[in-house]
Amino acid sequence: MRLKDKVALITGSTRGIGRAIAEKYAEEGAKVILIDRSGKGLDKAMGEMKAKYGVAYGYVMDVTNRSQVQEVFAKIIEDLGTIDILVNNAGITADAQIYKMADEQWDNVINVNLTGVFNCTKEAVKIMREKEFGKIINISSVVGLYGNFGQTNYAATKSGVIGMTKTLAKELGRKNVNVNVVCPGFIATEMTEKMPEKVLATMKEKAPLNRLGTPEDIANACVFLASQEASFVTGAVLSVDGGIVL
Ligand code: NDP
């Protein structure tokens, strides 16, 4: 019960890595807030969480919609009183080599993966600064460290999130807010299902641990970073990637 009674908001948490983080946080005693972009997956996910953990909170919020983000954060404060942990997990890809990349592909990925992190963090920080406690965990990618063919837009956002994290760690340390970033390698979710089998096989081979990661691998790192055990860790870039970057 490393997160007992902590209020944790995880964006993009009805499926994939976000859902695994939500589950692990609930197992550790946190009051978990599921966030869904459209609301389509929310009832089902909340039902499943409620059945397992007895309680579930959920809100519809598109991280790119600034006024909606402000409204939802205000509603959460009204309903739950606070936010202790924010995991900026929501993310998308829209791959193409740059000469084929449509402006829309660039804009959409920047809006979700970078501006979405800004929008949510800005609201969370208002609460965390005041209470002088908070944990912010941003989900970047190995692609943000080393680049990846066909992902100029995605890599720009994931590198950007690392820069944001380090800066926020400097700004918020005195307010007892830890800000860290997790860089997953290739993880088996719907996002990687879109990738060609051959590419995934190569990625698996390249990793010394010789497998794709699971959403739970990432969730375990996020539990550590949100816990008291990581109270002296801030501005860190934690790769959870089977060693692929070596
Ligand atoms: P998925 O595609 O499985 O899930 C993405 C989640 O983000 C969904 O819940 C989706 O909601 C949500 N989302 C997308 N856009 C928005 C938005 N505008 N507002 C709110 N929520 C939104 O992805 P993964 O679980 O694989 O990825 C999670 C994070 O991990 C991402 O940031 C990704 O970049 C990162 N990552 C993933 C890796 C991988 O190999 N899978 C590797 C490295 C990093 P909806 O259901 O409505 O679409």
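Conventions adopted
Residues numbered from 1 in each chain as written. Predicted model: local features only at pLDDT ≥ 70, side-chain atom pairs only at ≥ 80, totals over all residues. Heavy atoms only, no water. Helix = DSSP H or I, 4+ residues; strand = E, 2+ residues; numbered from the N terminus. Rg over C-alpha atoms; globule rule 2.2 N^0.38 Å. Buried < 20%, exposed > 50% of the residue type's maximum accessible area, 1.4 Å probe, protein only. Contact = heavy atoms within 4.5 Å. Areas by Shrake-Rupley, 256 points an atom, 1.4 Å probe, with all protein chains shown as cover. Lys, Arg positive; Asp, Glu negative; His and termini not counted. Charge placed at Lys NZ, Arg CZ, Asp CG, Glu CD. Polar contact = N/O pair within 3.5 Å; in protein donor to acceptor, adjacent residues only side chain to side chain. UniProt positions renumbered as here; feature names shortened; annotations may be inferred. Near = heavy atom within 4 Å. 1 Å grid on protein atoms, 1.4 Å probe; cavity = no way out; pocket = protein on both sides within 12 Å on 5 of 7 lines; lining within 4 Å. Sits in = over half its atoms within 2 Å of the grid points. Nonpolar A, V, L, I, M, F, W, Y, C, P; charged D, E, K, R; others polar. Axes fitted to C-alpha atoms, helices over the stretch in contact; angles between N-to-C directions. Parallel < 35°, antiparallel > 145°, perpendicular 65-115°, else oblique. Left-handed = near helix turned anticlockwise from the far one by under 90°.

J.: Is there a simple way to explain the overall build of the chain in this structure?
T.: A tally of regular secondary structure across the chain gives nine helices and seven strands. Here the C-alpha radius of gyration of the chain, 17 Å, is about what a compact globule of 246 residues would show, namely 18 Å. For the chain, the spread of C-alpha atoms along the three principal axes comes to 45 × 40 × 35 Å. Across the 246 residues that make up the chain, the buried fraction comes to 50%. Sequence-distant contacts, at least 24 apart, represent 71% of the contacts inside the chain between residues at least 6 apart. Counting only carbon and sulfur atoms, one obtains 52% of the accessible surface of the chain, whose full area is about 11900 Å². Charged side chains in the chain number 30 positive and 28 negative. The centres of these two groups are separated by 3 Å.

J.: Help me understand the side chain of N88 in this model?
T.: As for its position among the elements, N88 is in strand β4 (residues 85-88). A polar side-chain atom of N88 sits 2.8 Å from a polar atom in the side chain of N138. Excluding anything up to four places from it in sequence, N88 contacts T11, G116, V117, C120, T121, I136, I137, N138 and I139.

J.: Explanation requested: the UniProt feature "active site" (unreviewed entry) in the chain in the structure shown.
T.: Sequence positions flagged by UniProt for "active site" (unreviewed entry) are, in local numbering, Y154. As for its placement among the helices and strands, Y154 is situated in helix α6 (residues 152-172). Residue Y154 is classed as buried on the basis of its relative accessible area of 8%. In this structure Y154 touches I92, T93, V109, N113, S141, V143 and M191, once residues within four positions along its chain are discounted.

J.: Quick question: what am I supposed to make of the site of the ligand here?
T.: Taken together, 28 residues lie around the ligand, and R37, N89, Y154, I187 and T189 are the ones closest in. Contact between the ligand and G12: an oxygen atom at 3.3 Å from a main-chain N or O atom of the residue. Y154 is positioned with one of its side-chain polar atoms (N or O) 2.5 Å from an oxygen atom of the ligand. Relative to its free-state accessible area of 900 Å², the ligand is covered by the protein chains to the extent of 94%. Counting atoms within 2 Å of the grid points, the majority share of the ligand lands in the largest pocket. Looking at the shell around the ligand, the elements that each hand over two or more residues are α1 (16-27), α6 and α7 (190-193). A breakdown of the residues in the shell around the ligand according to their chemical character gives 12 nonpolar, 10 polar and six charged.

J.: Quick question: what am I supposed to make of the packing of α1 against helix α2 (residues 42-53) here?
T.: The relative placement of two packed helices comes down to the angle between their axes together with the axis-to-axis distance. Where α1 contacts α2, the axes come no closer than 11 Å and their chain directions differ by 25°. Judged on the interaxial angle alone, α2 and α1 are roughly parallel. In this structure, α1 crosses over α2, and the sense of that crossing is right-handed. Within the contact between the two elements, α1 uses R19, A22, E23, A26 and E27 and α2 uses A45, E48, M49, K52 and Y53.

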